[in-house]
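Results of the structural survey
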Amino acid sequence: MPIRTASAQWQGNLTEGSGTIRTGKGGLQGNYSFKSRFEEGEGTNPEELIGAAHAGCFSMAFSKALAEAGSPPTSVETTAKVHLDKTDAGMTVTRIELDTVGQVPGMDEAQFTKLAETAKENCPISRLLSPGAQISLTARLAS
């Protein structure tokens, strides 16, 4: 398997500085700052990138599980809400809320939910994050 890379560049001090984050192949690039991370400023932040990675990984794992169960999805759309909280150890990603909606012809809600939970437990990004962060999942079939 290939090794994936990303880079970040920062200029200045913590509160007044700014930087850019870039994925290795250049697919994603964004500006980030103290305000975009800890307030509501313009730009991105590491937690959004973790959320994007988790949503993407989960969606792929879930699509695979659905197809293996004989019900390939038309689409799977997932949002990840990453919570960054102050703890005794410092700023910490404490939990991630995954919310997914799938268009899966012929799938019943119970099987859909069961497969979604299995995908949540088995996607590589969930396995990476779950020792330190609580991961919850809301899964529903598109109407």
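Below is a short write-up of the structure.

Another point: helix H3 (residues 109-122). Helical geometry: 3.6 residues make up each α-helical turn, so side chains three or four residues apart lie on a common side. Its 14 residues give H3 an end-to-end C-alpha distance of 20 Å, which sits within 8% of 20 Å, the value for a rise of 1.5 Å per residue. Every buried residue of H3 is listed here: Phe112, Leu115, Ala116, Ala119 and Lys120. Buried positions in H3, seen along its axis, are confined to an arc of 145° and lie on one side of it. Within H3, the exposed residues directed more than 90 degrees away from the buried face are Ala110 and Lys114. On its buried face, H3 is in contact with helix H2 (46-68), strand S5 (90-103), helix H4 (124-129) and strand S6 (134-141). Put simply, Asp108 is the residue that caps the front of H3, since its side-chain oxygen is 3.1 Å from the backbone nitrogen of Ala110.

Glancing now at the pattern of salt bridges. Overall, the coordinates contain six salt bridges when judged by the stated rule. For Glu47, the salt bridge is made with Arg37, and the minimal N-O distance between the two is 2.6 Å. Taken together, the residues span a long stretch of sequence, with Glu47 in helix H2 and Arg37 in helix H1 (residues 34-38) at a distance of ten residues. Across the salt bridge formed by Glu117 and Lys120, the nearest N and O atoms sit 3.4 Å from each other. Of the two residues, Glu117 and Lys120 both sit in helix H3, three residues apart, roughly one turn of that helix. A cluster of three or more residues bridged by salt bridges with shared partners is formed by Glu117, Lys120 and Glu121.

Before going further, it helps to spend a moment on the state of the cysteines. Under the counting rule described, the total for this entry stands at zero disulfides. Of all cysteine sulfurs, the one in Cys123 lies closest to Cys57, which takes part in no disulfide; the gap is 3.2 Å. We classify Cys57 as buried; its relative accessible area is 15%. Owing to a relative accessible area of 0%, Cys123 belongs among the buried residues under this scheme.

The next subject is a nonpolar patch on the surface. A surface patch of nonpolar side chains, about 290 Å² in accessible area, is lined by Leu14, Phe38 and Met91. By the secondary structure assignment, Phe38 is in helix H1. Residue class for Phe38 comes out partly exposed when judged on its relative accessible area of 32%.

Parameters at a glance
Residues numbered from 1 in each chain as written. Predicted model: local features only at pLDDT ≥ 70, side-chain atom pairs only at ≥ 80, totals over all residues. Heavy atoms only, no water. Helix = DSSP H or I, 4+ residues; strand = E, 2+ residues; numbered from the N terminus. Expected span 1.5 Å × (residues − 1). Buried < 20%, exposed > 50% of the residue type's maximum accessible area, 1.4 Å probe, protein only. Arc of directions from axis to C-beta. Contact = heavy atoms within 4.5 Å. Polar contact = N/O pair within 3.5 Å; in protein donor to acceptor, adjacent residues only side chain to side chain. Salt bridge = Lys/Arg side-chain N within 4 Å of Asp/Glu carboxyl O. Disulfide = S-S within 2.5 Å. Patch = residues over 30% accessible without salt bridge, like charges linked within 9 Å, V, L, I, M, F, W, Y side chains within 5 Å. Areas by Shrake-Rupley, 256 points an atom, 1.4 Å probe, with all protein chains shown as cover.

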